[in-house]
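A closer look at the structure
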There are 2 protein chains.
Amino acid sequence: MTAFDSLERLFSRLSALDDALGILSWDRDVMMPGGAAERRGSGVATLEGLRHELLVSPMTNEWLAKADAGGDPWREADLKEMRRLHARAVAVPGPLVEALSKACSRSEMAWRRARDADDFAALLPDLQVVLDLTRESAQAIGEALGLSPYDALLDGFDPGMRQAAIAPVFATLAHDLPPLLGQILERQASAPEVGMVGRAPFPVARQEALGRWMMERVGFDMTRGRLDVSAHPFCGGATSDVRITTRYDESDFLPAFLAVLHETGHALYEQGLPAAWQSQPVGRARGMTLHESQSLLIEMQVTRSRAFVDFAAPVMARFFDDGGDWSPETLYRHMTRVAPGFIRVDADEVTYPAHIITRYELETAMIGGNLALRDLPEAFNARIKDLLGLDVPDDRRGCLQDIHWPLGLWGYFPCYALGALTAAQLFEAAQKDNSGLMDAIRRGDFSPLTGWLHRTVHERASSASTIEIVEDATGRPPGAESYLAHVRKRYLED
Amino acid sequence: MTAFDSLERLFSRLSALDDALGILSWDRDVMMPGGAAERRGSGVATLEGLRHELLVSPMTNEWLAKADAGGDPWREADLKEMRRLHARAVAVPGPLVEALSKACSRSEMAWRRARDADDFAALLPDLQVVLDLTRESAQAIGEALGLSPYDALLDGFDPGMRQAAIAPVFATLAHDLPPLLGQILERQASAPEVGMVGRAPFPVARQEALGRWMMERVGFDMTRGRLDVSAHPFCGGATSDVRITTRYDESDFLPAFLAVLHETGHALYEQGLPAAWQSQPVGRARGMTLHESQSLLIEMQVTRSRAFVDFAAPVMARFFDDGGDWSPETLYRHMTRVAPGFIRVDADEVTYPAHIITRYELETAMIGGNLALRDLPEAFNARIKDLLGLDVPDDRRGCLQDIHWPLGLWGYFPCYALGALTAAQLFEAAQKDNSGLMDAIRRGDFSPLTGWLHRTVHERASSASTIEIVEDATGRPPGAESYLAHVRKRYLED
């Protein structure tokens, strides 16, 4: 067995562990009885420890030193990914990994209490430990990979993405969006009032049947996945077994419907990864930016388009059969309402980037040592005021709303906004490459779009960087132009 | 860290893997989409391979050689279990394990086709490979543990159980049961006809609500378990997360109800294992005989008793609310109907042992080299004729009906019958120790019974052998007396 074969075998075993962990994680959020939480937690920690030990074993070093991928581009890319994953894993000393993991557990619990009590000071000590250890860990990874500490964190969520690429894009957004938002709100205020879509209550069974029908229509393969219910919608599971969730509210069907479409975008990416490489690092999804681009492309670009609404409104009318108003116009107005708000996860596509820019600017400052944690609430509220014109009334609706920092997920936020921009850019390119694409969507035929995404994004997996994949698909690296053009067109011209 | 501490840590990691495998197995049968089967299969094989490697690593040998449990009986018993599990794992050479595993996969598929086509000859070549490799493996384990090949197999399912203990018990049954069955059938034939219980259809939602209510009433802890649906009822899951299943038929509620009670018996055992030892070998259920005794004690001894029926019939009437006949007498007659049949899993408690004795005699002969596979159908049918007076019409209803042999589970069958006998013996002792036990059951109070089972069986886990546990609880080793007395009392005197 060559060194490369040995590495393939090792990473194939790690992939089996990842799949097991994926199903266990889905199970925890969808199926697990509450009393099993503690035991499950320590079981998962054991599996993750085993995974880490396998990856950093002395043999891996030896194989990586000797491995020859033989010039085949996918094998070369696979080897590159192996080296990257190994370098990240060995960069952080075991005791630091463990200390950070424990600090995050404590801080997550403290965050739940602090958020409920609207008491940032109560979170401060635990969050400070997480920040300190995260900076230490980022420093170590950065030194190993030749990256700045923040880029080292970013690279963990979107390999190859760098602050230098993000900064100018976010600066453009921060400059252009506030005036654009003003124009949109003005235009929206002058439009006639819009009535309800359909007629509440919307029975859960019908919402579920509609969601299931629509996700299959868009291209979700039910023989290799599931739809279930959880407190927060997500896409998880394992290779060949992609599981999405939503949550239902009988007074409004739209949140569950849009969550299903959003998660279907993630799922199409996972289900479209090349089967031949499914147990290798190169066969995995590229990163959070492209992942988010796929979910937002379906949820924001497609589902809220006039073409989709023309197709979907009569389908919904048939599923709910409640004699309500299911006109495409009413549905479209609901799907494209813009309203600045405090909560990131409830934001529309126009105001969403402001939430991310705020967090990005603050987390780079905190990781760089230029913002003390105790000054976070004030800085947070000031930036929300600048970008959205809102006065944050309390930290619960301010810097305490997200779980990311208490959970140690620093460097994750920018992927959400980059994903939104990339979604617009990919969708624009897909339409350029296929002039009949929107007409097909209006007929409920998603294959021209999903076929294009499959070729340009899904089946490339991790064989190239996010920037390369976007460049190859659209002719330029991820930027703000397509997104801004899309927002102007949908909200000021249409 | 002492050698014993290192072993505890190793087995705790193995236990985390076992729990992961338990949830994955439950998931496969209850949740997994069909298209994930192949990938899941290879993922599980990888985890099992990792598990095996951890167990047989050279360090384990060293630790076992040096380990000192310090005289504490539980730690001593734990070390004994560790040695047993390790000895079994190292006894069979890797290539033989792999060959047997592959042969079983092939033979399982061949069995499905052969059973559907009623074609034993089509299964013969693949089953012969499984038998040959099983004999080779049994020989190797037997040599390592100082056991005969058949005892080596038996010991894998019920540690400490030996053919020498089973043979006289089964001989008694084979001698006493056929005439007893004759008397019972005669008595039953002279009883008046019995009408339907309730009124079909029995809606699945109501069947499920009844099952859930009853399992909780009997003692199932829903905060540490679940009830779901699968093609074949089972009890699985993980430590602190015990999951049972049933299947529903709207034309008859009894099979699903009895399956829920049966699996609840298994679940009470699992949920009652000592929490302090939950990740150690000594903390696991003792074996299949005691496990089956717990399920059959609930399903056969309790659920089909007059006391339980008096309690349950009005509960059922309330859940189904269909105006049908829910008198305890009608229900009791249905729950205690005896009818010799061809299919083991459908057999009542009187005819069940005959199915097992047949299989036990034949599998000991095959493992011992005294019966050729090609002669199996004839031998099988002859024994069914002796014991049940039935002429087996085809192999599908004969030696092709069970998956056990094609799957390599030789030595498993006797545990079913031993479990039935032990159930009777334990239930008799529980009533002797607690004279108010049946009255409590008639009031729907199961705590005197479950408390007794908890003390005598559940919380002893694997700290003693099956025979020791049964002796301590009942004053004698597992035998046929209590079971035969129970059958006479219920079916000839009551």
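The coordinates are above.
None of these values were measured; they are calculated from a predicted model. Numbering of residues starts from 1 in every chain and runs along the sequence as written. Chains and ligands are labelled sequentially in the order written, the chains with letters from A and the ligands with numbers from 1. For a predicted model such as this one, the threshold for reporting local features is a pLDDT of at least 70, and the threshold for listing and counting side-chain atom pairs is 80 or more; totals across whole chains, interfaces and linings nevertheless cover every residue. Side-chain descriptors were evaluated using all non-hydrogen atoms of the structure, hydrogens and water having been removed beforehand.

To qualify as a helix, a DSSP run of H or I must reach at least 4 residues; to qualify as a strand, a run of E must reach at least 2; elements of each kind are numbered from the N terminus. Broken down by element type, chain A carries 20 helices and three strands. As defined in this context, the radius of gyration uses C-alpha atoms, and a globule is described by 2.2 Å times the residue total to the power 0.38. Compactness check: chain A gives a C-alpha radius of gyration of 23 Å against a globular reference of 23 Å for 494 residues, within 12% of the reference. Put simply, chain A has 494 residues, and 56% of those count as buried. Throughout, a contact is declared for two residues whenever any of their heavy atoms are within 4.5 Å. Restricting the contact set of chain A to residue pairs at least 6 apart, pairs at least 24 apart contribute 73%. For the area figures, the Shrake-Rupley method with a 1.4 Å probe applies, and any residue is considered shielded solely by the protein chains shown. Surface accessibility of chain A: about 19800 Å² in total, with carbon and sulfur atoms responsible for 52%. Taking the average place of the 51 positive charges on the side chains of chain A and the average place of its 70 negative ones, the gap between the two points comes to 2 Å. Each residue is placed in one exposure class: buried if its accessible area under a 1.4 Å probe, protein chains only, is under 20% of its type's maximum, exposed if it is over 50%, and partly exposed if it falls in between. Two residue types count as positive, namely Lys and Arg, and two as negative, namely Asp and Glu; His and chain ends fall outside the count. Here the site of a charge means NZ on Lys, CZ on Arg, CG on Asp, or CD on Glu.

Glancing now at the pairing of strand 3 (residues 241–246) of chain B. Look at any regular strand and the pattern is simple: side chains alternate between the two faces of the sheet. Residue and element names in this part refer to chain B. For strand 3, a buried count of six out of six residues is recorded, marking the element as mostly surrounded by other parts of the structure. Along strand 3, one buried face is formed by D241, R243 and T245 and the opposite face, lined by V242, I244 and T246, is buried too. At least two bridges found by DSSP between two strands are what make those strands a pair. Examined bridge by bridge, strand 1 (residues 225–229) and strand 3 share five bridges and lie parallel to one another. Note on strand 3: the bridge partner recorded for L227 is I244. Pairing analysis gives four bridges linking strand 2 (residues 235–238) to strand 3, with the strands arranged antiparallel.

What follows covers the packing of aromatic side chains. Pairing of aromatic side chains here covers Phe, Tyr and the six-membered ring of Trp, requires ring centres within 6.5 Å, and sorts the geometry by plane angle: under 30 degrees stacked, over 60 edge-to-face, intermediate tilted. According to the stated counting rule, one finds 42 aromatic pairs over all chains in the structure shown. With 6.4 Å between their ring centres and 45° between their planes, F257 of chain A and F308 of chain A make a pair best called tilted. Pair noted here: F257 of chain A is in helix 10 (residues 254–271) and F308 of chain A is in helix 12 (residues 306–320), with a separation of 51 residues, a long-range link. Neither residue differs from the other here; F257 of chain A and F308 of chain A are each classed as buried. An angle of 80° between the planes, with centres 5.0 Å apart, marks the rings of F170 of chain B and Y360 of chain B as edge-to-face. Taken together, the positions of F170 of chain B in helix 8 (residues 163–189) and Y360 of chain B in helix 14 (residues 352–367) put the pair 190 residues apart, joining distant regions of the chain. Its relative accessible area of 3% is what places F170 of chain B among the buried residues. By relative accessible area, Y360 of chain B is classed as buried at 6%.

What links the strands of a sheet is backbone hydrogen bonding, and the strands pair in either a parallel or an antiparallel sense. Residue and element names in this part refer to chain B. Strand order in the open sheet formed by three strands is 1-3-2, with mixed pairing between adjacent strands. The open sheet has two edge strands, strand 1 and strand 2, and neither has a second partner. The average angle at which neighbouring strand axes cross in this sheet is 25°, direction not considered. For helices, the fitted axis covers only the stretch in contact; all axes are lines through C-alpha atoms, and the angles between them, taken along N-to-C directions, range from 0 to 180 degrees. Its contacts with the sheet put helix 10 (residues 254–271) on strand 1, strand 2 and strand 3, and the angle it makes with strand 3 is roughly 165°.

Turning our attention to the interface of chain B and chain A. Taken residue by residue, the interface counts 37 residues in chain B and 37 residues in chain A. For the chain B face of the interface with chain A, the top three residues by lost area are R13, M31 and R39 of chain B, together amounting to 25%. Only one rule defines a salt bridge in this text: a Lys or Arg side-chain nitrogen within 4 Å of an Asp or Glu carboxyl oxygen. Our count for the chain B to chain A interface comes out at eight salt bridges. As a salt-bridge pair, D19 of chain A and R39 of chain B come within 2.9 Å of each other at their nearest N and O atoms. Under the rule applied, a polar contact is a pair of N or O atoms within 3.5 Å (in protein, one hydrogen donor and one hydrogen acceptor; residues adjacent in sequence only if both atoms are side-chain atoms). Applying the counting criterion to the chain B and chain A interface returns 14 residue pairs in polar contact (both at pLDDT 80 or more). Nonpolar residues are Ala, Val, Leu, Ile, Met, Phe, Trp, Tyr, Cys and Pro. Charged residues are Asp, Glu, Lys and Arg, and all others, Gly as well, are polar. Along the lines of polarity and charge, the residues of the side of chain B that touches chain A split into 14 nonpolar, 12 polar and 11 charged. Here's the idea: put two parts together, see how much 1.4 Å probe accessible area each one loses, and the total over both is what we call buried area.

Residue and element names in this part refer to chain A. Ordered by their spatial adjacency, three strands build an open sheet running 1-3-2, and the pairing between neighbours is mixed. Edge positions in the sheet fall to strand 1 (225–229) and strand 2 (235–238), since each of these pairs with one other strand and no more. When strand polarity is set aside, the average angle formed by the axes of neighbouring strands in this sheet is 25°. Against the sheet, helix 10 makes contact with strand 1, strand 2 and strand 3 (241–246), and its axis sits at roughly 165° relative to strand 3, the strand it touches most.

Residue and element names in this part refer to chain B. Along the polypeptide, D348 turns up in the loop between helix 13 (328–335) and helix 14. In this structure the C-alpha to C-alpha distance between D348 and H86, which are 262 residues apart in sequence, comes to 39 Å. Setting aside residues up to four positions removed in sequence, D348 forms contacts with R337, V338 and A339. Among the polar contacts made by the side chain of D348, one reaches the main-chain amide nitrogen of V350 at a distance of 2.9 Å.

Further remarks concern the side chain of D158 of chain B. All names here are of chain B. Among the structural elements, D158 can be located in the loop between helix 7 (149–157) and helix 8. Despite its burial, D158 pairs with no opposite charge, the nearest such side chain being R286 at 5.5 Å. Excluding anything up to four places from it in sequence, D158 contacts G287, T289, C415 and T466.

Quick look at the relation of the copies chain B and chain A now. Each copy superposes on the other: chain B lies on chain A with an RMSD of 0.0 Å after a rotation of 180° and an axial shift of 0.0 Å. The relationship between the two copies is best expressed as a two-fold rotation axis. When each C-alpha of chain B is compared by its distance to the rotation axis, A20 of chain B comes out closest, at 3.6 Å. Least-squares superposition aligns the copies on the C-alpha atoms of those residues with pLDDT at or above 70 in both.

On to empty space enclosed by the protein. Residue and element names in this part refer to chain A. As defined here, a cavity is a set of points on a 1 Å grid over the protein atoms alone where a 1.4 Å probe fits but cannot get out. A pocket is an open set with protein on both sides within 12 Å along at least five of seven lines, and residues line them when an atom is within 4 Å of a point. Grid points are joined across faces, edges and corners, and a volume is the space filled by probe spheres set on the points. Throughout the structure, instances matching the rule amount to six cavities of 30 Å³ or more. The volume enclosed by the largest cavity comes to roughly 90 Å³. The element contributing the most residues to the lining of the largest cavity is helix 2 (residues 37–55), with four residues. In terms of residue class, the lining of the largest cavity is made up of six nonpolar, two polar and four charged.

Once that is clear, we can look at the pattern of salt bridges. Tallied over the full model, the rule gives 72 salt bridges over all chains. Between K102 of chain A and E98 of chain A there is a salt bridge, with its nearest N and O atoms 3.5 Å apart. In this pair, K102 of chain A and E98 of chain A both sit in helix 5 (residues 94–117), four residues apart, roughly one turn of the helix. Of the residues examined, E98 of chain A reaches a relative accessible area of 48% and is grouped as partly exposed. The partner of E299 of chain B in a salt bridge is R304 of chain B, and the shortest N-O contact between them spans 2.7 Å. Assigned by exposure class, E299 of chain B and R304 of chain B land together as buried. Where salt bridges share partners, they join E81, R84, R88, D155, R162 and R286 of chain A into one cluster.

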